[in-house]
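# Descriptive structure summary
Residues per chain, in single letters:
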Amino acid sequence: MTAVIAYVASVVGSALGLLCTSRARAAVGSERARWLALAAVSIGGTGIWVMHFIAMLGSEVYGTPLRYNAPVTILSMVLAIAVVAVGMFVVGFGERPVWLFVGGAFTGGGVAIMHYVGMSAINLFGEIHYDPLLVAASVVIAVVAATAALWATLYIRAFGAVVIAALIMGVAVNGMHHVGMFAAHVMPHDATSGLTGMTGESLLLPMVVGITFVTVVTLAIVALSPNAREIAEERALQDRIARATHFR
């Protein structure tokens, strides 16, 4: 059940981020930057980080409880939003196609790092070891998914296309997460003392609820704001008025 909820969260975050970027393409200057920042919070926060930790809530390790280091968990959230923001701004303000691949490589690598930083926040009675090949596969998936997501932010406009792109992005993000989880192998050992950290419910649920609230606010902003075509038409009208004033 948590896997389904995690997928839904990734699709919702991705779709909302794409709607923000469609408005960013029609905007200029600081207005474009604001839309790109909202897109980064939606995709990085809800589409990636919330998805990751909702899925983690459904994870269990036989013979040991799981506890989470709060500062490291928060760091993973900041990383997710920050790397997506860098990719968004690189593509959003870059004028050459090569910036798409630069942004995709940076964002995908950052998302993979976010995943493993989030995994390092887990405290348990055992040691976590990783399969190098599966780790590499998860990084490749993350880079490809990030590049595809950034491509979608540049070229996807119709609402139906946004939905389809978000569904595909959800599959990619969840695929990267689960490959990363398959890469992890726990070597249990006997309990020697109490585990430090917070339970998943006490730490993650408030954070997930907080990001969800931000997502709802962002959705309201998108719903109440002009769409990309209306923004472009308004800017064109302002340009014509400015030119007419100049000629007079």
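Just so you know, these numbers come straight off a predicted model, no measurement behind them.

## So, the environment of L18
Here L18 lies in helix α1 (residues 2-26). Along the sequence, L18 and Y155 sit 137 residues apart, while their C-alpha atoms lie 9.9 Å from each other.

## Some thoughts on the confidence of the model for the chain
In this model, the chain carries a mean pLDDT of 80, and residues with pLDDT of at least 70 account for 88%. By mean pLDDT, the top-scoring element of the chain is helix α3 (residues 70-93) (86), and the lowest-scoring one is helix α8 (residues 228-247) (65).

## Structural notes on the nonpolar core
Of all hydrophobic cores here, the largest spans 56 residues; its most connected members are I48, W49, V50, Y68, V84, M88 and I122. Not counting residues up to four positions away in its chain, the partners in contact with W49 are G44, T73, S76, M77, A80, M114, M207 and V208.

## Looking at the side chain of H177
Its location among the elements puts H177 in helix α6 (residues 159-182). A relative accessible area of 2% places H177 in the buried class. Side chain to side chain, H177 and H52 meet in a polar contact 3.0 Å long. Not counting residues within four places of it along the chain, the set of residues in contact with H177 comprises M51, H52, A55, M56 and H115.

## A look at the packing of helix α2 (residues 29-57) against helix α4 (residues 98-120)
In contact at an axis separation of 11 Å, α2 and α4 are set at 35° when each is read in the N-to-C sense. Between α2 and α4 lies a crossing of right-handed hand. Residue-level inspection shows I48, W49, H52, F53 and M56 of α2 in contact with α4, the latter providing V111, M114, H115, G118 and M119. Looking at the contact of α2 with α4 residue by residue, the classes come out as seven nonpolar, three polar and no charged.

## Quick notes on the packing of α1 against helix α5 (residues 132-155)
At a minimum axis separation of 8 Å, α1 and α5 run at an interaxial angle of 50°. Taken together, the axis directions place α1 and α5 in an arrangement best described as oblique. Here α1 and α5 pass one another in a crossing that is right-handed. Within the contact between the two elements, α1 uses L18, T21 and R25 and α5 uses A149, A152, T153, L154 and Y155. For the contact of α1 with α5, the per-class residue count stands at five nonpolar, two polar and one charged.

The rules behind each value
Residues numbered from 1 in each chain as written. Predicted model: local features only at pLDDT ≥ 70, side-chain atom pairs only at ≥ 80, totals over all residues. Heavy atoms only, no water. Helix = DSSP H or I, 4+ residues; strand = E, 2+ residues; numbered from the N terminus. pLDDT = per-residue confidence, 0-100. Core = buried A, V, L, I, M, F, W, Y, C linked by side-chain atoms within 4.5 Å. Buried < 20%, exposed > 50% of the residue type's maximum accessible area, 1.4 Å probe, protein only. Contact = heavy atoms within 4.5 Å. Polar contact = N/O pair within 3.5 Å; in protein donor to acceptor, adjacent residues only side chain to side chain. Axes fitted to C-alpha atoms, helices over the stretch in contact; angles between N-to-C directions. Left-handed = near helix turned anticlockwise from the far one by under 90°. Nonpolar A, V, L, I, M, F, W, Y, C, P; charged D, E, K, R; others polar. Parallel < 35°, antiparallel > 145°, perpendicular 65-115°, else oblique.

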